[in-house]
Each structure stands twice: as structure tokens, then as C-alpha cells.
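Examining the three-dimensional arrangement
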Amino acid sequence: MSGQGCVTLTIRGAVASVTFDRPSARNAMTWTMYEQLARICTDLAVRGDVRVVTFRGAGGQAFVAGTDIAQFQDFQSGDDGVAYERRIDAGIALIESLPMPTVAAIDGWAVGGGLVIAAACDFRIGTPASRFGVPIARTLGNTLSMANLARLKAAFGPAVSKRMLLLAEVLDADQAAASGFLHDICPATELDASLAAFCERLLALAPVTQRVAKEGLRRLASAHLPDGDDLVRQCYGSADFHHGVEAFVARRTPIWQGN
């Protein structure tokens, strides 16, 4: 792995800023980074002095380029995949359940788990270099949990979600904006100013209304979510998945067999 990286938190006034800091690996998440993110979100959830939380990646090339693939080499069975997806679900739920508005500032790649993190935020601002996708049908041969599939469907709609998942398409910033996923696109040099202005806009509004509306929408989105462990187990237990991980780490093109 290209360094363990870290997730950092800074607070200025009523705005908390969370940064994914592993630019040497396009901010791909290690287990340590997921644990740090969980602790940060748990702390922010009970802070009365924070009104807005922003999320962004360090280095200018990526928001988050998913989970560090080298970590999948230890997986032995489909049950490892179920445990992993539950672990990711728990972390993403902490972002989604933060009581204050959240904004993702995206410059570069937001793919796989990175796209899910962005989708768990309430708003997203991107740059022309932003790219969005879940190209696992081309890279690893794994899957997403039902909760994360539901998040993508809510964010992009079923048609675009199928393009990303079944065709491994990656959307550019204009396509993401057209789908409603991006609130705004601005030059990379203006991202800080645009993010600050958007935070000020949120800070000027009624926090109780924001909090209860956000929680109400979250409850509606998560109601009656079906179980999908059998699907996760089938995918992570497949020979194709293990081959996909080996090929990815060795930088080879995988040859899928369908089993």
C-alpha cells in the first residue's frame, strides 16, 4: 500500500472540514482511514457548535478513489465480503446521519467507495476534472451492498446507476450535474471560494428545519431496505472476484469467466 494515509478534521467557526489525505494513492481508503472517519463522524454528531461539515480529498487529483484494493487480497470467502460491506455500510451511515448539512468538494476522481461517500453527503460541488463511477464490472468483479445501491439509485436514478454498474461507465462533471448529483461546477482555482460561499448560504438558514428535514428524508430513503447479503456473498465468493483483485494488483487486464 502507498502509505496508510489519514483522515483529518479541522473546525473553523461553525464549519467542520474533513480531509481524506493520501494523495499518493488518490486518497484510496485504508482500514485505518475508515476507522478515523468513523471516529470523526461520531464526534461531530454530538457537537452543538458545528453547523456544516465539508468533505474533500487532498492533492487535487481525487476526492476518494475507493478502498485500497490490496486489502482485498486477504479475503477468503463470500463471508469476508459480507463483513466488509457491513463495515463500510456502518461508516457511510455515520456520514449520512450527521444532523447538520454536509457538502462534498470534489476535484478529480470520486469512484467506488469514494462515490458512495460523496452520495452520502447532502450536496456536492465539483470541478471540470471531476469524474464519477463504480467501474467494478471492469476492475474487481465485486459488488455494492443494498444500502449503497439504494444511495446510488437515489442520487442518479436507475438508468444512470445501471450505466455505471453494468457498463462500468464513468461520468464527467457535466453528466453528473445533469443528473442532479452535482450542485455546481467551478474551476479548481475557485473551489475553495465556492465551497465557502455555499457554507455561508447554509449557515444563514434555520438549523432545526435543516436537521429534521434531513433526518426525515434519510428515514424515507432507508425504509424497507431489503437484505442483500446473499448477493454480496455470491460476488465476493466468486473466482472472478479473486482473479480481479490479483489482476488489479498486478496491473493486468482481468479475463472474466463468470464463476
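For clarity, every value in this text was computed on a predicted model and none was experimentally measured. As a convention, each chain's residues are numbered from 1 in the sequence order in which they are written. Reporting in this predicted model follows two pLDDT cut-offs: at least 70 for local features of residues, and 80 or more for side-chain atom pairs to be given and counted; totals over whole chains, interfaces and linings ignore these cut-offs and use all residues. Only hydrogens and water are set aside when side-chain values are computed; all heavy atoms of the structure are taken into account.

**Quick notes on the overall build of the protein**
Strands are runs of DSSP state E lasting at least two residues, helices are runs of H or I lasting at least four, and both sets are numbered from the N terminus onward. Along the backbone of the protein there are 10 helices and 10 strands. With the radius of gyration taken over C-alpha atoms, the globule rule is written as 2.2 Å times the number of residues to the power 0.38. Relative to the globule expectation of 18 Å for 259 residues, the C-alpha radius of gyration of the protein, 18 Å, shows essentially globular dimensions. Viewed in the frame of its principal axes, the protein has a C-alpha envelope of about 55 × 40 × 35 Å. Taking contacts inside the protein between residues at least 6 apart in sequence as the whole, the part at least 24 apart equals 72%. Residue burial considers only the protein chains on display, and all accessible areas are found by Shrake-Rupley using a 1.4 Å probe. In the structure as shown, the protein presents an accessible area of about 12,200 Å², 55% of it carried by carbon and sulfur atoms. As used throughout, the charge tally considers Lys and Arg to be positive and Asp and Glu to be negative, leaving His and the chain termini uncounted. Throughout, a charge is located at the NZ atom of Lys, the CZ atom of Arg, the CG atom of Asp or the CD atom of Glu. Side chains of the protein carry 24 positive and 26 negative charges; the gap between the two charge centres is 3 Å. Contacts are residue-level and defined by heavy atoms, with any inter-residue pair within 4.5 Å sufficient.

**Section: helix H5 (residues 158-166)**
Those residues of H5 not exposed but buried are Val160, Ser161, Met164 and Leu165. Along the axis of H5, the buried positions cluster into a sector of 130°, meaning they face one direction only. Across from the buried face of H5, at angles greater than 90 degrees, the exposed residues are Ala159, Lys162 and Leu166. In this structure, the buried side of H5 is in contact with helix H3 (113-120), strand E8 (131-133), helix H4 (146-156) and strand E9 (170-172). Remark: Ala168 follows H5 within two positions and exhibits a positive phi of approximately 60°. Between buried and exposed lies partly exposed: a residue is buried under 20% and exposed over 50% of the maximum accessible area for its type, with that area taken using a 1.4 Å probe on protein chains only. Note: the arc covers the axis-to-C-beta directions of the helix.

**Remarks on the layout of surface pockets**
What the largest pocket holds in volume is close to 910 Å³. Around the largest pocket, the lining comprises 37 residues; the ones closest to its centre are Ala28, Ala65, Thr67, Ile69 and Phe248. Taken together, the residues of the lining of the largest pocket break down into 21 nonpolar, 10 polar and six charged. Using a grid of 1 Å spacing that covers the protein atoms alone, one calls a set of points a cavity when a 1.4 Å probe fits there but cannot get out, and a pocket when the set is open and has protein on both sides within 12 Å along at least five of seven lines; lining residues are those with an atom within 4 Å of a point. Grid points are joined across faces, edges and corners, and a volume is the space filled by probe spheres set on the points. A volume near 770 Å³ is recorded for the second largest pocket. As for the second largest pocket, its lining consists of 25 residues, and the residues nearest its centre are Glu96, Asp122, Leu217, Arg218 and Ala221. Charged means Asp, Glu, Lys or Arg here, nonpolar means Ala, Val, Leu, Ile, Met, Phe, Trp, Tyr, Cys or Pro, and polar covers whatever is left, Gly included.

Nothing here speaks to function; it is geometry throughout.
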